[in-house]
Structure formats: C-alpha cells, structure tokens
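As a plain string of letters, each chain reads:
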Amino acid sequence: MKKDSDVTSKFLCKLSDLENLSCKSFTVDHPQKSSRIFIIRKADDVFGYLNVCPHALAPLEWNPDDFLDEKKEFIICSMHGAKFTIEEGTCVEGPCNGVGLTKVNLNITDGTIFIDNPKKVG
Ligand code: FES
C-alpha cells in the first residue's frame, strides 16, 4: 500500500481546463502547513509558481485566478505592481528588486497537469 509520504506527484487539473493565457490557483496541503500556488498556460506550456510575491510576501492575484497584467504579457502583483515574466518568474519591474517568483515543478502527462514532489513545495 502506498503511504502519503510516497506521493511524488499530485493531480492539479486537465490542460483543457485552462485557456491560453489563463491562470488557476491551488492550495497544496502538507502535514503541518499548506502552500498556495498558481499555474499559467501559455500555448501548450504551463508554468507554476508559489503564490507569494518576493517583495512583501503578499498573495499576487487581483481576483481569484487573475494574475496577469491587462495585456497578458506579465504576471503582476496586485499589492504594489511588481511584474514578472510568465516563463521564468523573473522580476522585470517594480519593487521586487530583482528577486523572482519561486517556481514549482509541473509535469503534463496525457493532457493532465501534475505538481511534482508536492511535499517539497513552499
Ligand atoms: S507585495 Fe508584491 S509588489 Fe509589493
């Protein structure tokens, strides 16, 4: 029987649940805490990050599942406007002072998105 500690990936959603340039947030539960993450689809790629801004450690979204700027070119923090690249989470503008978002490792298998090593997130 597989123990909870043996889990190496966790189902998040289907790729088809995300339109191009849309986002979805999740909570990843651990035995003693939980971590907020979000994922972004761009064409056939999906990128994932902790939902924590490096500037003041605030959640990033404007509204539920709304993490992008008006042109959908960058992730933008709702608190003070720091901007990050979609592909790498690199800080490009604002008070993040060169500190990027923390990536979470995803894998897409048969059109299904999983987070790798969910216990190591956060
Ligand atoms: S908390 Fe994100 S820019 Fe300040």
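Preceding block: the structure.
Residues numbered from 1 in each chain as written. Predicted model: local features only at pLDDT ≥ 70, side-chain atom pairs only at ≥ 80, totals over all residues. Heavy atoms only, no water.

Asks: Account for the sheet that holds strand E3 (residues 34-42), with residues named and values stated.
Replies: Backbone-to-backbone hydrogen bonds join strands into a sheet, with any given pair of strands oriented parallel or antiparallel. Strand order across the open sheet formed by three strands is E2-E3-E4, with antiparallel pairing between neighbours. Each edge of the open sheet is held by one strand with a lone partner, namely strand E2 (23-29) and strand E4 (45-50). Strand after strand, the sheet turns through a mean of 25° between neighbouring axes, direction not considered. (Pairing = 2+ DSSP bridges. Helix = DSSP H or I, 4+ residues; strand = E, 2+ residues; numbered from the N terminus. Axes fitted to C-alpha atoms, helices over the stretch in contact; angles between N-to-C directions.)

Asks: Residue-level account of the state of the cysteines, with values.
Replies: Considering all chains together, one arrives at one disulfide under this definition. Between the sulfur of Cys-91 and that of Cys-96 lies a disulfide, 2.1 Å long from S to S. As the torsion about the S-S bond is roughly 75°, the Cys-91-Cys-96 disulfide counts as right-handed. Each of the two residues, Cys-91 as well as Cys-96, counts as buried. Cys-23 provides the cysteine sulfur closest to Cys-13, a residue in no disulfide bond, and the two sulfurs are 11 Å apart. (Disulfide = S-S within 2.5 Å. Buried < 20%, exposed > 50% of the residue type's maximum accessible area, 1.4 Å probe, protein only.)

Asks: Residue-level account of the side chain of Arg-41, with values.
Replies: Locating Arg-41 in the fold gives a position in strand E3. The class for Arg-41 is buried, based on a relative accessible area of 15%. If we ignore the near neighbours within four places in the chain, the residues touching Arg-41 are Leu-15, Ser-16, Leu-18, Glu-19, Asn-20, Leu-21, Ser-22 and Val-46. (Contact = heavy atoms within 4.5 Å.)

Asks: Hey, could you go over the pattern of salt bridges for me, with residue numbers and the actual values?
Replies: Considering all chains together, one arrives at three salt bridges under this definition. A salt bridge links Lys-42 to Glu-87; its shortest N-O distance comes to 2.6 Å. Of this pair, Lys-42 sits in strand E3 while Glu-87 sits in the loop between strand E6 (83-85) and strand E7 (91-93); the two residues are 45 residues apart in sequence, bridging distant segments of the chain. When the shortest N-O distance is used, the salt bridge between Glu-88 and Lys-103 registers 3.7 Å. Residue Glu-88 is located in the loop between E6 and E7, and its partner Lys-103 is located in the loop between E7 and strand E8 (106-109); the two are separated by 15 residues in the primary sequence. With relative accessibility at 41%, the residue Lys-103 sits in the partly exposed group. (Salt bridge = Lys/Arg side-chain N within 4 Å of Asp/Glu carboxyl O.)

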